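Inside the fold
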Amino acid sequence: MRNIANSPEYSGAWKLLFISALGLELAALYFQYVLDLQPCIMCIYQRTAVFGILFSSLVGIFLSQMLIFRLIALLGWGVSSVWGALIAYEHVDIQTASNPFFATCEIVPNFPSWAPLHEWIPQVFAATGDCGDIDWRFMDLSMPQWMLILFVAYSAVMAAVVILRLALLRKI
């Protein structure tokens, strides 16, 4: 338990987080450009959340020895994974709605005006698909269902690390 609690202090744990997030981003691009599965707006938001985890892990890799940056990395990881889970849950809800006419999503991403990612890097952040389409399944789960599982796992691991770390600090 002590190893898990102390893991934010070491770049190795952050590297593992980085590799997992990078793998998800590469898989998303593979699905988009090789398998020709066009991402919808909810997919793009989930992709953005994974990028949040990826960039948070970079902060942890390079600056984990400084408490403030370790806290920023943990906060970024937590916010991104919870936000991703909420978006994935909403996407699953759209795909499983009993009346698809009332379950719709936007066409253009709602990024801040100071960071229009869909205009800066449309190859990664432009939404060209429909949120209601289920074009891919693995073990009878759709992509948003798998992403929900992954984001919940990211959130659970982050919560476990923080809880164990706080418990360790209380004992000291």
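Use the structure listed above.
I will try to describe carefully the structure that is included in this document. It should be emphasised that the depicted structure is a prediction, and the values quoted were computed from it without experimental measurement. (Residues numbered from 1 in each chain as written. Predicted model: local features only at pLDDT ≥ 70, side-chain atom pairs only at ≥ 80, totals over all residues. Heavy atoms only, no water.)

Let's talk about the pattern of salt bridges
For the structure on display, the rule yields one salt bridge. Where Arg-137 meets Asp-140, a salt bridge forms, and the shortest distance between an N and an O atom there is 4.0 Å. Under the relative-accessibility criterion, Asp-140 is labelled exposed at 61%. (Salt bridge = Lys/Arg side-chain N within 4 Å of Asp/Glu carboxyl O. Buried < 20%, exposed > 50% of the residue type's maximum accessible area, 1.4 Å probe, protein only.)

Some points on the nonpolar core
Counting residues in each nonpolar core, the largest one holds 17 residues, and the members touching the most others are Trp-14, Leu-17, Ala-21, Ile-53, Trp-77, Phe-151 and Tyr-154. For this core, the secondary-structure elements that each account for two or more residues are helix 2 (11–33), helix 3 (41–63), helix 4 (67–95) and helix 7 (143–171). Not counting the four nearest positions on each side in its chain, Phe-151 is found in contact with Gln-46, Ala-49, Val-50, Ile-53, Ser-80, Ser-81, Gly-84, Ala-85 and Ala-88. Membership of the second largest hydrophobic core comes to 13 residues, among which are Tyr-45, Ile-94, Leu-117 and Phe-125. (Core = buried A, V, L, I, M, F, W, Y, C linked by side-chain atoms within 4.5 Å. Helix = DSSP H or I, 4+ residues; strand = E, 2+ residues; numbered from the N terminus. Contact = heavy atoms within 4.5 Å.)

Some details on the packing of aromatic side chains
This structure, assessed with the given rule, holds 10 aromatic pairs. Ring centres of Tyr-45 and Phe-111 lie 6.1 Å apart, and the angle between their planes is 90°; this geometry places the pair in the edge-to-face category. Taken together, the positions of Tyr-45 in helix 3 and Phe-111 in the loop between helix 4 and helix 5 (117–120) put the pair 66 residues apart, joining distant regions of the chain. Comparing Tyr-45 with Phe-111 shows no difference in burial state: the two are buried. Feature note: the residues Tyr-45, Phe-51, Phe-55, Trp-83, Phe-111 and Phe-125 constitute an aromatic cluster, connected by ring pairs. (Phe/Tyr/Trp six-rings, centres within 6.5 Å; stacked < 30°, edge-to-face > 60°.)

That is the geometry; function is a separate question.
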